[in-house]
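Letter by letter, the chains look like this.
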Amino acid sequence: MKGNIKFYLPVLGSFLLLLLLFVATMRIVGKKEVKPVKEAGDANTDTKGLCAGPAKWLQENLPEEKRKALAQAFTIQEQDVYTFLQGPRSWEEGIPWSGEWSQFQVDGNTFGSFGCGLCCLANIYDTLSPYEASPWGMFWFAIKVSDYAPDGMYGAIDWEAMRDTLRRSGVQAKLHKKPETYEKFQQQVKNSRSIIALVCSGNDNSFWQDTPGHYVNIWLYQENDDTVFLAEPGNPERNRTRIPLRYVYDALKTASRFQYLSVKGYLEEENQWRASGIAESWNRPEGF
């Protein structure tokens with residue numbers, strides 16, 4: 001995504017320029033003598049006129065190539081999604097998305113044993129914002145802006161701290177309990193940009209085995225096959241694969257106070273961080 005954004009900057013610049021021209025023209029038109037208004041049915045007949053609206057004007061006047069580029073710039077695709085890994089084995093084997101953060105410790109507690117939630121937070125921030133931060137950078141930011149207080153016994157980040165950390169970084173986040181029906185969950189996933197889910201093999205072990213509690217991140221729901229794109233910080237073989245959404249719903253950890261966090265979007269003006277990049281050594285995938 002970060003590599004592609006440079007290609008879209010000219011298109012976005014053209015889009016903003018056209019919007020400014022539209023506003024300026026509307027001000028000039030407003031100062032001129034008011035002419036007789038067309039009948040309601042004729043309001044959009046002049047397709048090149050201002051009454052057609054800026055969106056329609058852009059559609060009809062931008063070249064097709066630029067229209068496609070502009071649409072893609074605002075659309076997340078699988079190749080745009082960040083999917084960090086938490087474990088030391090991935091780092092030692094040089095697997096893409098792994099980093100030296102897997103070996104960092106908090107009072108003897110290794111990040112690789114508790115960092116799944118922080119990986120999910122970094123995935124969301126890096127994918128939706130124009131900035132880039134590592135899971136370890138997210139670790140320190142969470143300590144700064146929430147009540148997250150890891151120690152040698154317990155390092156996993158809890159629900160409220162995740163929500164508050166995302167909100168302070170410009171991401172609109174909300175906590176949820178498991179809906180009574182799969183259809184309700186399905187609809188919430190459709191309406192979200194991303195989901196952080198807490199899964200547990202004690203609720204269902206069809207996909208996750210020997211998993212007392214683990215945060216995963218899902219994206220890009222597809223209605224035709226009822227699947228989602230999985231960011232699995234604890235399993236490099238399953239990371240960046242598509243899985244049935246039903247697997248996630250069935251495995252939601254009901255013993256927890258909440259079962260998942262939904263993301264509505266990102267607002268630049270609410271981002272209090274604006275991370276400056278990834279300082280740690282990591283296996284950056286090609287194209288990122």
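Preceding this section is the structure that the text describes.
We now turn to the structure provided with this report.

Here's the deal with unusual backbone geometry
Then, in step 1: At Leu 220, a position not held by glycine, the phi torsion is positive, near 55 degrees.
Then, in step 2: Note on Leu 220: relative accessible area 24%, which makes it partly exposed.
Then, in step 3: Despite not being glycine, Asp 226 has its phi angle at roughly 60 degrees, a positive value.
Then, in step 4: Among the secondary structure elements, Asp 226 is positioned in the loop between strand 5 (214-222) and strand 6 (227-231).

Concerning the pattern of salt bridges
Then, in step 1: Taken as a whole and assessed by the stated rule, the structure comprises ten salt bridges.
Then, in step 2: In this structure, the salt-bridge partner of Lys 190 is Glu 223, at a minimum N-O distance of 3.2 Å. Of the two residues, Lys 190 sits in helix 9 (residues 182-190) while Glu 223 sits in the loop between strand 5 and strand 6, which places them 33 residues apart along the sequence.
Then, in step 3: On the accessibility criterion, Glu 223 (59% relative accessible area) is exposed.
Then, in step 4: Residue Arg 246 is joined to Asp 250 by a salt bridge in which the shortest nitrogen-to-oxygen separation is 3.2 Å. With Arg 246 and Asp 250 both in helix 10 (residues 245-251), this residue pair falls four residues apart, about one helical turn.
Then, in step 5: Overall, the relative accessible area of 37% leaves Arg 246 in the partly exposed class.
Then, in step 6: The class for Asp 250 is partly exposed, based on a relative accessible area of 23%.
Then, in step 7: What you see here is one network of salt bridges that share partners, running through Arg 89, Glu 93 and Glu 237.

A word on the environment of Tyr 260
Then, in step 1: Checked against the element boundaries, Tyr 260 lands in strand 8 (residues 260-271).
Then, in step 2: Residue classification places Tyr 260 among the buried residues on the basis of a relative accessible area of 0%.
Then, in step 3: Tyr 260 sits 83 residues away from Lys 177 along the chain, and the two C-alpha atoms are 6.7 Å apart.

Calculation criteria
- Residues numbered from 1 in each chain as written.
- Predicted model: local features only at pLDDT ≥ 70, side-chain atom pairs only at ≥ 80, totals over all residues.
- Heavy atoms only, no water.
- Buried < 20%, exposed > 50% of the residue type's maximum accessible area, 1.4 Å probe, protein only.
- Helix = DSSP H or I, 4+ residues; strand = E, 2+ residues; numbered from the N terminus.
- Salt bridge = Lys/Arg side-chain N within 4 Å of Asp/Glu carboxyl O.

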